[in-house]
Amino acid sequence: MVPQWIIEKKRDGHVLTAEEIRFFINGYTKGTIPDYQMSAMAMAIFLKGMTPEEVAVLTDTMMHSGAMVDTSSIKLPKVDKHSTGGIGDKVSLILAPLAACAGLAVPMISGRGLGITGGTLDKLESIPGFNVNLSEKDFIATIHKCGFSMIGQTGEIAPADKKFYALRDVTGTVASIPLITASIMCKKMAEGIDSLVLDVKWGTGAFMRTIEDATALAQSMVRVGKAMNKGMVALLTDMNQPLGRTAGNALEIIESMECLQGQYADEDLMNITMALTAEMLVLGKKAATTEEATGILKKIIASGAAFAKFKEMAALHGADVAALDDLSKLPKASIVKPFPAPAAGYLAKVDAESIGRAVLVLGGGRQKTDDKIDYGVGTSGLAKIGDQVEKGQPLVVVHANSQEKLAQAMAYVEKAFEISAQPVAAPKPIVARITG
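Quantities reported herein were computed from a predicted structural model and do not represent experimental measurements. (Residues numbered from 1 in each chain as written. Predicted model: local features only at pLDDT ≥ 70, side-chain atom pairs only at ≥ 80, totals over all residues. Heavy atoms only, no water.)

Enquirer: I tried to follow the sheet that holds strand β1 (residues 79-83) on my own but got confused; where do I start?
Expert: Sheets are built from strands paired through backbone hydrogen bonds, the pairs being either parallel or antiparallel. A sheet is described by the order of its strands in space; here four strands give the open sequence β1-β4-β5-β12, paired in mixed fashion. Edge positions in the open sheet fall to β1 and β12 (430-434), since each of these has one partner strand only. Averaged over all neighbouring strand pairs, the angle between strand axes comes to 15°, with direction disregarded. In this structure, strand β4 (residues 195-202) lies alongside strand β5 (residues 231-238), joined through eight bridges in parallel fashion. Bridge pairing in β5 places K201 opposite T237. Lying over the sheet, helix α9 (residues 177-189) contacts β1, β4 and β5, oriented at roughly 155° with respect to β1. (Pairing = 2+ DSSP bridges. Helix = DSSP H or I, 4+ residues; strand = E, 2+ residues; numbered from the N terminus. Axes fitted to C-alpha atoms, helices over the stretch in contact; angles between N-to-C directions. Contact = heavy atoms within 4.5 Å.)

Enquirer: Explain the pattern of salt bridges here, please?
Expert: Between side chains of opposite charge, a pair can form when the charged atoms approach closely. For the structure on display, the rule yields 21 salt bridges. Put simply, D122 and R366 hold a salt bridge, and the shortest N to O gap is 2.8 Å. One end of the pair, D122, is in helix α6 (residues 120-125); the other, R366, is in the loop between α16 (352-364) and β8 (378-380), and 244 residues separate them in sequence. Look at D122 and you get buried, because its relative accessible area is 2%. Ionic contacts of the salt-bridge type, sharing partners, join the residues R245, D266, D268, K384 and D387 into one network. (Salt bridge = Lys/Arg side-chain N within 4 Å of Asp/Glu carboxyl O. Buried < 20%, exposed > 50% of the residue type's maximum accessible area, 1.4 Å probe, protein only.)

Enquirer: Looking at this structure, how should I read the sheet that holds β8?
Expert: Judged by pairing direction, the sheet is antiparallel, and its three strands sit side by side in the order β6-β10-β8 without closing on themselves. Edge positions in the sheet fall to β6 (335-340) and β8, since each of these pairs with one other strand and no more. Taken pair by pair, the neighbouring strands of this sheet meet at an average axis angle of 30°, ignoring direction. Here β6 runs beside strand β10 (residues 394-400); their pairing, made up of six bridges, is antiparallel. Of the residues in β10, the one forming a bridge with P338 is V397. Where helix α17 (residues 403-416) meets the sheet, it contacts β6 and β10, and its direction lies at approximately 25° from that of β6.

Enquirer: Can you walk me through the nonpolar core in this structure?
Expert: Grouped burial of nonpolar side chains is what soluble globular proteins tend to show. Counting 84 residues, the largest nonpolar core has F148, F310 and F417 as the members making the most contacts within it. Excluding residues within four positions of it along the chain, F417 makes contact with F339, L347, K349, V350, I355, L382, A383, L395 and V396. (Core = buried A, V, L, I, M, F, W, Y, C linked by side-chain atoms within 4.5 Å.)

Enquirer: Got a minute to help me understand the environment of V197 in this structure?
Expert: Mapped onto the elements of the fold, V197 is located in strand β4. According to the relative accessible area criterion, V197 is buried, its value standing at 0%. V197 sits 238 residues away from T435 along the chain, and the two C-alpha atoms are 9.9 Å apart. What V197 contacts, discounting residues up to four positions off in sequence, is D80, K81, H82, V233, L276, E279, M280 and L283.

Enquirer: Please clarify how the packing of aromatic side chains should be interpreted in this entry.
Expert: Applying the stated rule across the entire model yields two aromatic pairs. Both rings, one in Y28 and one in F164, keep their centres 6.3 Å apart while their planes meet at 70°; by these two values the pair is edge-to-face. Of the two residues, Y28 sits in helix α2 (residues 18-30) while F164 sits in helix α8 (residues 159-169), which places them 136 residues apart along the sequence. For Y28, a relative accessible area of 2% gives the class buried. Both rings, one in F339 and one in F417, keep their centres 5.9 Å apart while their planes meet at 20°; by these two values the pair is stacked. You can see F339 sitting in strand β6 and its partner F417 sitting in strand β11 (residues 417-420), a full 78 residues away along the chain. One exposure class covers both F339 and F417, and it is buried. Its guanidinium or amino end placed over the ring of Y28, K163 lies 4.5 Å from that ring's centre, counting from NZ or CZ. (Phe/Tyr/Trp six-rings, centres within 6.5 Å; stacked < 30°, edge-to-face > 60°. Lys NZ or Arg CZ within 6 Å of the ring centre and 35° of its normal.)

Enquirer: Before we go on, may I ask you to explain the environment of G119 in this structure?
Expert: With respect to the helices and strands, the residue G119 is situated in the loop between β2 (106-110) and α6. Since its relative accessible area comes to 3%, G119 is described here as buried. Along the backbone, G119 and G88 are 31 residues apart, and their C-alpha atoms lie at a distance of 9.6 Å. Once you skip the residues sitting within four places of it in the chain, G119 turns out to touch G111, R112, G113 and N249.

Enquirer: How do you make sense of the layout of surface pockets when you look at a structure like this?
Expert: Over the atoms rolls a probe the size of a water molecule, and in doing so it shows where empty space is left. Approximately 160 Å³ is the volume attributed to the second largest pocket. What lines the second largest pocket is a set of 13 residues, and nearest its centre among them are L360, G363, Q367, D371 and K405. Counting residues per element, the ones that place at least two in the lining of the second largest pocket are α16 and α17. Its residues assigned to classes, the lining of the second largest pocket shows three nonpolar, four polar and six charged. (1 Å grid on protein atoms, 1.4 Å probe; cavity = no way out; pocket = protein on both sides within 12 Å on 5 of 7 lines; lining within 4 Å. Points joined across faces, edges and corners; volume = space filled by probe spheres on them. Nonpolar A, V, L, I, M, F, W, Y, C, P; charged D, E, K, R; others polar.)

Enquirer: Just to check I follow, could you spell out α2 for this structure?
Expert: Quick reminder: α-helices carry 3.6 residues per turn. Residues three or four places apart thus point the same way. Given a rise of 1.5 Å per residue, 13 residues ought to cover 18 Å, and the 18 Å separating the end C-alpha atoms of α2 matches this to within 8%. For α2, every residue scored as buried is listed here: E20, I21, F24, I25, G27 and Y28. End-on, the buried residues of α2 take up no more than an arc of 165°, which puts them together on one face. The first or second residue beyond α2 is G31, which carries a positive phi of 95°. (Expected span 1.5 Å × (residues − 1). Arc of directions from axis to C-beta.)

Shown next, in the form of structure tokens:
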């Protein structure tokens, strides 16, 4: 095959054969197809799109470009959840132990923060001693012992995706639904799972800004998963305001542990978490309906089993579990400053993007790939859209480790809120359910 002929074919809007896609991706992974030809192919796909069948082949080829996680020794139903990322999204920290307590195996390969969106791995590493870099052998052993494990992507899993994503990042081709689908699904399918639940977010704090784009991405991923004989459900969730009341690594661990103990729960956070986990239980045949599954999950939280399960997993990852029993031992910031409401009324906007930028400049995310995370900084006590507030009431509390960074963050915090004199309805956290 001649690479430029395949590029021309896609450039002109034609459907590529499975052989052409495999030839191109395998050649790029091995280095026989250079970056400049892969860049041209990425732009052709960006402009002309791909059919569902093409996307399925692309996903499968990238998935098989490296090692697959061997989960054959795990006899429980293997179900995972993937989120497209957002501000304050700590759902995985609550969902995974809940699902494990309900009899599922959750082999979760997670990511780090990207831009203003937080990453599960960074949150876990704010727990002293927590090791997210387990070997595959220890990853599987941990799942056998406690039902779930949360690690980072190894160099052996989907190397084609790692190489291709870096190229897309510098060629303006990241925002392509076929390429996003293949990138996400090749890593998730490499986990050796039976089913996958997707949390596809839309809004100012999400990668997909509109419901239409989020719907198209969700449908694309569900189609690919079903083409690979996996159980699939996607929920579209709102990310125009942060999820939960905290944003920032250790602060989100604190909120998650409180949720697992039933001590405190933001309604939106728990609605989304319970809905996603319930879908996992139905796919894993641990409940007949999501209503039955929700009842099971509520009993698990009330019993204390979910919190105990998270601590069991954390200990197997080398964490100091005493920091989970006494949350004051987690990293904390030296400066804590509330942001007061400038007027009385009802919150009409709590902009997720602005809060995410505030956390980023505080040091809670990375501006460069080699930046060191400051685990103790972020925001807490966040008021939500629809809340009635009094003048001077704290709308959010900012946690910082320098006055300079605090000032930078406050500039974004001030832009995040709008107050209305009239009552404002709280937005629905879940806007759609997609199964095909």
